[in-house]
Amino acid sequence: MILTILSSSAGMIQSAPGGLGYLSEVFQAGNLRDRLTHEQLQDGWLFGSINKLQRRYPKRIKARWVDPHSLMGLYLAVRFRIRSFPAIIVGGRTFDPGSDPGDFERLITDLLSNPEP
């Protein structure tokens, strides 16, 4: 299953200078977070939930992060008529991940257990 996540946070991840990426890893390893990053990443909980799902279901879930301000993001937003972000695309269907990690993880688990033909 490929999860395509349209999120403005994706652009921040891909364009961060190397030093900031390292600093982010240090904060994550220490289970810390700075206030600015927390305020900028309203959907930051998605990173942890998707990592958790990928560890639980290895080789069954692949995540593809797309910045909605990129050309691919614009195409996907028009193609699937997405008006709010973050948005999840799975097999041609769109889902709003909501704001509760538990609900999101149950949704993905249900999709894995009941694949469409």
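Refer to the structure presented above.
Residues numbered from 1 in each chain as written. Predicted model: local features only at pLDDT ≥ 70, side-chain atom pairs only at ≥ 80, totals over all residues. Heavy atoms only, no water.

K.L.:
Help me understand the side chain of Thr 4 in this model?
P.N.:
By secondary structure assignment, the location of Thr 4 is in strand β1 (residues 2-6). A relative accessible area of 8% means that Thr 4 is categorised as buried. Excluding residues within four positions of it along the chain, Thr 4 makes contact with Arg 64, Val 66, Leu 76, Ala 87, Ile 88 and Ile 89. (Helix = DSSP H or I, 4+ residues; strand = E, 2+ residues; numbered from the N terminus. Buried < 20%, exposed > 50% of the residue type's maximum accessible area, 1.4 Å probe, protein only. Contact = heavy atoms within 4.5 Å.)

K.L.:
Looking at this model, I keep getting lost on unusual backbone geometry. Mind explaining?
P.N.:
Negative phi values dominate among residues other than glycine, just as trans dominates among peptide bonds. In the segment running from Phe 85 into Pro 86, the intervening peptide bond is cis, with an omega of 5 degrees. Structurally, Pro 86 is set in the loop between α5 (71-79) and β3 (87-90). Of note, the phi angle at Lys 59 is positive, near 70 degrees, even though the residue is not glycine. Here Lys 59 is to be found in the loop between α4 (45-56) and β2 (62-66). With a phi angle near 55 degrees, Arg 81 is a residue other than glycine that sits in the positive phi range. Structurally, the position occupied by Arg 81 is in the loop between α5 and β3. For Arg 81, a relative accessible area of 69% puts it in the exposed group.

K.L.:
Just checking my understanding: could you explain the pattern of salt bridges for this structure?
P.N.:
Pairs can form between side chains of opposite charge whenever their charged atoms are close. According to the stated counting rule, one finds two salt bridges in the structure shown. Residue Lys 52 is joined to Glu 105 by a salt bridge in which the shortest nitrogen-to-oxygen separation is 3.3 Å. Here the residue Lys 52 occupies a position in helix α4, and Glu 105 occupies one in helix α6 (residues 101-113), the gap between them amounting to 53 residues. One salt bridge in this structure joins Arg 106 and Asp 103, with 2.5 Å as the shortest N-O distance. With Arg 106 and Asp 103 both in helix α6, this residue pair falls three residues apart, about one helical turn. We classify Asp 103 as partly exposed; its relative accessible area is 43%. (Salt bridge = Lys/Arg side-chain N within 4 Å of Asp/Glu carboxyl O.)

K.L.:
Which parts of the structure should I look at to understand the environment of Glu 105?
P.N.:
Exposure remark for Glu 105: the relative accessible area of 10% places this residue in the buried category. Linking Glu 105 and Leu 53, residues 52 residues apart in sequence, is a C-alpha distance of 7.1 Å. Once you skip the residues sitting within four places of it in the chain, Glu 105 turns out to touch Ser 49, Lys 52, Leu 53 and Arg 56.

K.L.:
What is the right way to look at the packing of α4 against α6 in this model?
P.N.:
Any two packed helices are characterised by how steeply their axes cross, that is the angle between the axes, and by the distance between the axes. At a minimum axis distance of 10 Å, the contact between α4 and α6 shows a crossing angle of 40 degrees. Seen along the crossing, α4 lies across α6 with a hand that is right-handed. Facing α4, whose interface residues are Trp 45, Leu 46, Ser 49, Ile 50, Lys 52, Leu 53 and Arg 56, α6 presents Pro 101, Phe 104, Glu 105, Ile 108 and Thr 109. Along the lines of polarity and charge, the residues of the contact of α4 with α6 split into seven nonpolar, two polar and three charged. (Axes fitted to C-alpha atoms, helices over the stretch in contact; angles between N-to-C directions. Left-handed = near helix turned anticlockwise from the far one by under 90°. Nonpolar A, V, L, I, M, F, W, Y, C, P; charged D, E, K, R; others polar.)

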